[in-house]
Amino acid sequence: MIHDFGLVWLDRELLLTGLGNTVLLSVLAGFCALALGALLSTVLMNRSRFIAIPGQAFVDTMRCTPFLLFAYIVYYGLPSLGVNFDNWGAGLAALIVYHTAYMAEILRGAWAAQPRAPIEAGMAFGYSGLRMFRRIVLPPLMLSAGPVVGNQVIQIVKDSAFLTIIALPELTHAASSIQSRRYIPFAAFIAAVLLYWAICLVVEAGVAAVGRMAEARR
Amino acid sequence: MNMMTSPELAATNTSQILSVAGLSKSFGSLQVLDNISFGVARGETVCLLGPSGSGKSTLLRCINWLERPDAGRIVLDGQPIGITSGGVVMGDRELSLMRTRIGMVFQHFALWPHLTVLQNVMEAPVHVQRRPKDEVRAEAEALLQRVGLFEKRDVFPARLSGGQKQRVGIARALAMKPALLLFDEPTSALDPELVGEVLAVMRDLASEGMTMVVVTHEMAFARDVASRVIFMDRGVVVETGTPEVFFNAPTTERAQQFLLRYVAAPAAPSTLTTPQT
């Protein structure tokens, strides 16, 4: 068994490249999904039903679609409609679009629970539109939604593993190729699990930092 | 101490800065304001008094269009608010611009929880009025000195007492250099022992010639500080006059009854405060 892990060690470069790609995918997808989700939350919270309902329909659709299926649709399905991606583009787009829906729903919930008074004060002090959202609404929202957003980022990290099916060279893909090359499935996959765990520890440290900021303001 | 006294406050005291004419507002079938008209002169402190549910707060919130009036005209310093002189309802941008000229202090403070005390005071002057940050910081620090909270400048609002929060609320409003300050029951959410520190700041402002419209249940404050009292009941202005006349010789029966209830015993001013939920 120790010997098997020694074999994984020989392929450490492959594994670390996979780790790097997983981190890159997760960071890019996390930031984009959070930013787009924040914008989408303004659609969900819009007073006009004609604006809010299509947004809600998108969110519900994403939440009821398995990510693996969605990745298939983006990579294999869209080209038949004339939209072509390489595997990186398809994987990243799928992660972003899918998790934007979750982020928007998380922020919508947190927004609905925010006290109304500071927003009203914002109006009285001349805030409106995007400036109101960016300066007055969003910061407390991010603080109160921090832990749930962190969970969603962990979900993004784990969903990125599905992208192995479109041959994206991320961590699961790397582990998979090591095991098939050297016939050491247990050691290869456990090594990958430990690396995913390390990523989650970093995300959790970030969540804890946001939590401390929120605590100071509560 | 006099840094907030803008040049126009030194101008003639008779000129009218705010005029409200024919203001009406209903919530559904409930008429909250019925054809309200009044004016405020520069440097005046006008206290809006009346029983709960009389429409005082709604009236105040209509002045800066936090509530949209159903009818009526509001003019601040020659400029119409909410509806342009052409009769068109203002968009969000125009409305926001008008609101920057009217400071507001809220019953429940409504400070921005994610910002420190100093950041709360600096926020709108820097990000709405787009004034230089250094200049705003110096002014904000001076304002915090003035309300006695300079030492708390880096603390978040959640760590302050109610009285401290409200003093930050006043400093935040003053930092906009407003032409008019609106107070919506500024001491009603405070523990009785914290009311005094807020009223003291308001007294200072009044004596320095800040123009203020104050919705309050603090009868002693109205009596001592108001230049004029407007008494409302069930959405109409019932009586208006100097505090001397209003408190000593109210002419309408409704005002007499109100005063009996709120100024129960004609005792020392310190006992005249009415804690309000």
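From a predicted model like this one, the values you see are computed outputs, not experimental measurements. (Residues numbered from 1 in each chain as written. Chains lettered and ligands numbered in written order. Predicted model: local features only at pLDDT ≥ 70, side-chain atom pairs only at ≥ 80, totals over all residues. Heavy atoms only, no water.)

Caption draft 1: Broad picture of the interface of chain B and chain A. Every contact between the two is made by 26 residues of chain B and, on the other side, 21 residues of chain A. One can count two salt bridges joining chain B with chain A. At the boundary of chain B and chain A, one finds 11 residue pairs in polar contact (both at pLDDT 80 or more). Put simply, the parts of the chain that give the side of chain B that touches chain A at least two residues each are α3 (92-99), β6 (102-105), α4 (117-127) and α6 (162-174) of chain B. (Contact = heavy atoms within 4.5 Å. Salt bridge = Lys/Arg side-chain N within 4 Å of Asp/Glu carboxyl O. Polar contact = N/O pair within 3.5 Å; in protein donor to acceptor, adjacent residues only side chain to side chain. Helix = DSSP H or I, 4+ residues; strand = E, 2+ residues; numbered from the N terminus.)

Caption draft 2: View of a nonpolar patch on the surface. A cluster of nonpolar side chains, contributed by Leu69(A), Tyr72(A), Ile73(A), Tyr76(A) and Ile165(A), occupies part of the molecular surface with about 450 Å² of accessible area. With respect to the element layout, Tyr72(A) can be found in helix α4 (residues 67-77). (Patch = residues over 30% accessible without salt bridge, like charges linked within 9 Å, V, L, I, M, F, W, Y side chains within 5 Å. Areas by Shrake-Rupley, 256 points an atom, 1.4 Å probe, with all protein chains shown as cover.)

Caption draft 3: Geometry of helix α8 (residues 171-182) of chain A. All names here are of chain A. The first and last C-alpha atoms of α8 sit 17 Å apart over 12 residues, in line with the 16 Å expected at 1.5 Å per residue. Along α8, the residues classified as buried are Leu171, Ala174, Ala175, Ile178 and Gln179. One face of α8 carries all of its buried residues, which in axial projection span an arc of 130°. For α8, the elements touching its buried residues are α2 (12-44) and α9 (185-216). N-cap assignment for α8: the residue whose side-chain oxygen lies 3.0 Å from the backbone N of Thr172 is Glu170. Immediately beyond the C-terminal end of α8, within one or two residues, lies Tyr183, with a positive phi of roughly 55°. (Expected span 1.5 Å × (residues − 1). Buried < 20%, exposed > 50% of the residue type's maximum accessible area, 1.4 Å probe, protein only. Arc of directions from axis to C-beta.)

Caption draft 4: Representation of the packing of α4(A) against helix α5 (residues 87-112) of chain A within the structure. All names here are of chain A. Orientation of α4 relative to α5, taken along the N-to-C sense of each, is 135°, at an axis distance of 9 Å. With respect to each other, α4 and α5 are oriented oblique. For the crossing formed where α4 meets α5, the hand is right-handed. Note on element contacts: α5 touches α4 through Asn87, Ala90, Ala94, Leu95, Val97 and Tyr98, opposite Phe67, Phe70, Ala71, Val74 and Tyr75. Among the residues making up the contact of α4 with α5, the classes are represented as 10 nonpolar, one polar and no charged. (Axes fitted to C-alpha atoms, helices over the stretch in contact; angles between N-to-C directions. Parallel < 35°, antiparallel > 145°, perpendicular 65-115°, else oblique. Left-handed = near helix turned anticlockwise from the far one by under 90°. Nonpolar A, V, L, I, M, F, W, Y, C, P; charged D, E, K, R; others polar.)

Caption draft 5: Geometry of the sheet that holds strand β1 (residues 16-27) of chain B. Residues and elements named next belong to chain B. Read across the sheet, four strands follow the order β2-β1-β4-β5 without closing on themselves; strand pairing throughout is antiparallel. Only two strands of the sheet have a single neighbouring strand rather than two, namely β2 (30-41) and β5 (79-80). With respect to the sheet, helix α2 (residues 56-63) is in contact with β1, β2 and β4 (71-76), its orientation differing from that of β2 by roughly 60°. (Pairing = 2+ DSSP bridges.)

Caption draft 6: A look at the sheet that holds strand β8 (residues 212-215) of chain B. Residues and elements named next belong to chain B. Reading across the sheet, the six strands line up as β6-β7-β8-β3-β9-β10 and stay open at both edges, with mixed pairing between neighbours. Edge positions in the sheet fall to β6 and β10 (236-241), since each of these pairs with one other strand and no more. Each adjacent strand pair in this sheet contributes to an overall mean axis angle of 20°, direction not counted. Examined bridge by bridge, strand β3 (residues 45-49) and β8 share four bridges and lie parallel to one another. The residue of β8 that forms the bridge with Leu48 is Val215. With respect to the sheet, α6 is in contact with β6 and β7 (180-184), its orientation differing from that of β6 by roughly 175°.

Caption draft 7: Representation of the state of the cysteines. Inspection of the entire model under this criterion finds zero disulfides over all chains. Looking at Cys200(A), it has no disulfide partner, and the nearest cysteine sulfur is the one in Cys32(A), 20 Å off. Unpaired in this structure, Cys47(B) has its nearest cysteine sulfur neighbour in Cys62(B), at a distance of 19 Å. Taking the relative accessible area as the measure of exposure, Cys47(B) reaches 0% and is therefore buried. (Disulfide = S-S within 2.5 Å.)

Caption draft 8: Spotlight on the pairing of β7(B). Residues and elements named next belong to chain B. For β7, the buried fraction is high: five of the five residues fall into the buried class. Burial of β7 is two-sided: the residues Leu180, Leu182 and Asp184 facing one way and the residues Leu181 and Phe183 facing the other way are all buried. Note: β6 against β7, four bridges, orientation parallel. When the sheet's bridge partners are listed, Ile102 is paired in β7 with Leu180. Pairing of β7 with β8, which is carried by four bridges, proceeds in the parallel orientation. Of the residues in β8, the one forming a bridge with Leu181 is Met212. What joins β7 to β8 is helix α7 (residues 192-207), and the crossover it makes is right-handed. (Right-handed = clockwise from strand over helix to strand, strands pointing away.)

Caption draft 9: A look at the environment of Tyr102(A). Residue and element names in this part refer to chain A. With respect to the helices, strands and loops of the structure, Tyr102 is situated in helix α5. Counting along the chain gives 69 residues from Tyr102 to Ala33, while the straight-line C-alpha distance between them is 8.5 Å. Apart from residues lying up to four places away in sequence, Tyr102 is in contact with Met62, Arg63 and Gln152.

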